Amino acid sequence: MPADHYDVIVVGTGPGGAALAHRLAPSGKRILLIERGDYLPRSQANWNARTVFVDAAYQAQETWYDKDGQAFRPGLHYFVGGNSKVYGAALFRLRERDFEAVEHGDGISPAWPLKYAAFAPYYTQAEQLFHVHGQRGEDPLEPASPDAYPYPAVAHEPRVQALSDNFAREGLHPFHLPLGVLLDETTDGVATPTSPWFRNDTFDGFPCLLNGKADAQVMCVDPMLAAHPNVTLLTNAYASRLDTDASGRRVSTVEVVRLGKTERYSADIVVVACGALSSALLLLRSANDRHPHGLANGSDQLGRNYMRHNQSVLMALAHEPNDTIFQKTLGVSDYYFGADDWKYPLGLIQMMGKSHAAQIRAEALPDWLSWVPKMPFEVMARHALDFWLMSEDLPRAENRIRIDPDGRVVLELTENNTEAHQRLRVKLEHLMDAAHAHPHLLERKLYLGKDIPIGGTAHQAGTARFGTDPATSVLDLDCKAHELDNLYLADASFFPSIGAVNPTLTIIANALRVADIIAKRLGVGATVTEARA
């Protein structure tokens, strides 16, 4: 057997690819992980707001184009661990109803071909793998589970607890966010002397200098490489295309550009997990005579049905100072499926990391300055209450990523379901008024990525959805390409809809499910099960 042949090749080390490889590693099979980036450098700059948000130092240095031909930088991060190196680590289960057809103001969010029950055990395993802290039963819409969270909820600090109490007085059901973090704390919310992570204000959107964020590198890649010599990681390796055999039914080689040279690797099973956008691009780049419109694209659905949530990062200014250090602990889902004045779903409200003066200074808009012309940015940051609002956008065939005839990447996006998002914003404004904060909400756009259109690309999903009909889907229910015998996808590409919660836990859960399918195919299912137990 040639030295460049593996049992399994996984392209991408984000949550999907890393979790899948981690599950398969104990089998002893030869596994190659291919990552286009390197390890994210650990330095004091990781915690510098100007470096991270204003300079966008860790964002991909690429130029893409929107549907109108305007250039922008995609909000992607090419490192071991993928986008999870800078994610907020909010790890939600999709609601059970999200797996059914849901009526929205702008149309129908389609039903999934597999329902919540198929993912439930894997959600539990994903929560264990990524050290999720939470309190089961607080969130009224969280699916029921017999299993407690692996770790207790991260405690609210006093100002956030007061806000939670205020929301409860308004008749809402606030809850502790489910967070993936390596935190050991006492009952009064103080980190123990040996806790890998401690409360700081440079978590949400920042690389974690402490390696205390439960990201794909920390939770999967590093432990796997340390324990399993059968796993090889290739960094700074750009997977440029997948070639097939003469029949077009199997991926024969993965072409990789590394250090300016082209290398080729082969495997019995190839798993693409580059993120929904980059995975679609890889398959589109891999067009050949058997697959003239892109690999596995006989349905013409590859790259289409792109979803990314309707998202806003909003800052309210409270009358009193907010001296919270770690603010990202509170969520409200009462408006997720509707409100008393709107029968359609609105979405999710959650708190996020504290505003920094450098961020506010960089994105201060004229309406901000006219409203508070004499308030220093440092004072604004101290009085800020910061929120992430997220509503569902609907899959549309015209919302797509493609490669134009000149080789440029084009991301075509027409926003939809925006009224729901605006109504959710009004709900938060009313809540802020009741909480003695100014109801005028200031929008922060740098968090979503420098020069990124509304919504960014952080929650990318849906470009290769799964289904039972090869004419309308790219993948089958095992997340294997309909048209190829050995190609699987293990990121959010497979999503038929996106709901209104952060997608990462669903990506991880599905990757574990697909890993078990692959393990059975390789004849090592029992080994993987024993290792998990």
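The sections below set out a description of the structure shown in this document. (Residues numbered from 1 in each chain as written. Predicted model: local features only at pLDDT ≥ 70, side-chain atom pairs only at ≥ 80, totals over all residues. Heavy atoms only, no water.)

1. A few points about the packing of aromatic side chains
Applied cut-off: Each Phe, Tyr or Trp ring (for Trp, its six-membered ring) is paired with any other whose centre lies within 6.5 Å, and the angle between the two planes then decides the class: stacked below 30 degrees, edge-to-face above 60, tilted in between. In this text, helices come from DSSP runs of H or I with a minimum length of four residues, and strands from runs of E with a minimum of two, each type numbered from the N-terminal end. With a 1.4 Å probe rolled over the protein chains alone, any residue whose accessible area is under 20% of its type maximum counts as buried; one over 50% counts as exposed, and the rest are partly exposed.
Within this structure, the stated rule accounts for 21 aromatic pairs. Look at Phe92 and Phe175: their rings are 6.2 Å apart centre to centre, the planes differ by 85°, and that puts the pair in the edge-to-face class. Pair noted here: Phe92 is in the loop between strand S4 (71-72) and strand S5 (102-104) and Phe175 is in strand S9 (residues 175-176), with a separation of 83 residues, a long-range link. Across the pair, Phe175 and Phe92 agree in class, each one buried. Ring centres of Trp197 and Phe326 lie 4.9 Å apart, and the angle between their planes is 75°; this geometry places the pair in the edge-to-face category. Remark: Phe326 occurs in the loop between strand S15 (310-317) and strand S16 (330-332) and Trp197 occurs in the loop between strand S10 (179-180) and helix H5 (216-227); sequence separation between them is 129 residues. Judged by its relative accessible area of 0%, Trp197 falls in the buried class.

2. Re the nonpolar core
Under the convention used in this document: Side-chain atoms within 4.5 Å are what join buried Ala, Val, Leu, Ile, Met, Phe, Trp, Tyr and Cys residues into a set we call a nonpolar core. Residue contacts are defined here by distance: any two heavy atoms, one from each residue, within 4.5 Å place the two residues in contact.
Counting 126 residues, the largest nonpolar core has Leu20, Phe130, Leu487 and Ile518 as the members making the most contacts within it. In terms of residue count, the dominant contributor to this core is helix H11 (residues 504-522) (eleven residues). Sequence-distant contacts of Phe130, defined by excluding residues within four places in its chain, comprise Tyr87, Leu91, Gly180, Val181, Ala214, Asp215, Ala216, Met219, Cys220 and Ile508.

3. Brief notes about the packing of H11 against helix H12 (residues 525-532)
Our working rule: Axis geometry follows a simple rule: fit a line to the C-alpha atoms, using only the stretch in contact for helices, then measure angles between N-to-C directions, giving values from 0 to 180 degrees. Throughout, the term roughly parallel applies to angles under 35 degrees, roughly antiparallel to angles over 145, roughly perpendicular to angles from 65 to 115, and oblique to all others. Here the nonpolar group is Ala, Val, Leu, Ile, Met, Phe, Trp, Tyr, Cys and Pro; Asp, Glu, Lys and Arg are the charged ones; every other residue, Gly included, is treated as polar.
Between H11 and H12, the shortest axis-to-axis distance is 7 Å and the interhelical angle comes to 135°. By the angle between their axes, H11 is oblique relative to H12. Contacts from Asp516, Ala519 and Lys520 of H11 reach H12 at Gly525, Val528 and Arg532. Classifying every residue of the contact of H11 with H12 gives two nonpolar, one polar and three charged.

4. Focus: the environment of Val10
Residue position: Val10 is located in strand S1 (residues 5-11). With 339 residues separating them along the chain, Val10 and Ile349 place their C-alpha atoms 35 Å apart. Here Val10 is in contact with Gly17, Leu20, Ala21, Leu32, Leu33, Ile34 and Val271, once residues within four sequence places are set aside.

5. Overview of the sheet that holds S4
Definition in use: Two strands pair if DSSP finds at least two bridges between them.
Here four strands make up an open sheet; going across it, the order is S4-S3-S20-S19 and the pairing mixed. The outermost strands of the open sheet, each flanked by one partner alone, are S4 and strand S19 (400-403). Bridge count between strand S3 (residues 64-66) and strand S20 (residues 409-412): two bridges; the pairing is parallel. When the bridges of S20 are listed, Asp66 appears paired with Leu411. Against the sheet, helix H6 (residues 276-285) makes contact with S3, S19 and S20, and its axis sits at roughly 35° relative to S19, the strand it touches most.

6. Considerations on the sheet that holds S16
Taken in spatial order, the six strands make up an open sheet running S9-S16-S17-S18-S15-S21, and their pairing is antiparallel. Every other strand in the sheet has two partners, leaving S9 and strand S21 (442-443) as the edge strands with one partner each. Where S16 lies against strand S17 (residues 348-351), two bridges are found, and the strand directions are antiparallel. By the bridge assignment for S17, Gly331 is matched with Gln350. Where helix H4 (residues 158-169) meets the sheet, its contacts fall on S16, S17 and strand S18 (384-391), and the angle it forms with S16 comes to roughly 15°. Sitting on the sheet, helix H10 (residues 418-434) is in contact with S15, S17, S18 and S21, with an inclination near 155° to S18.

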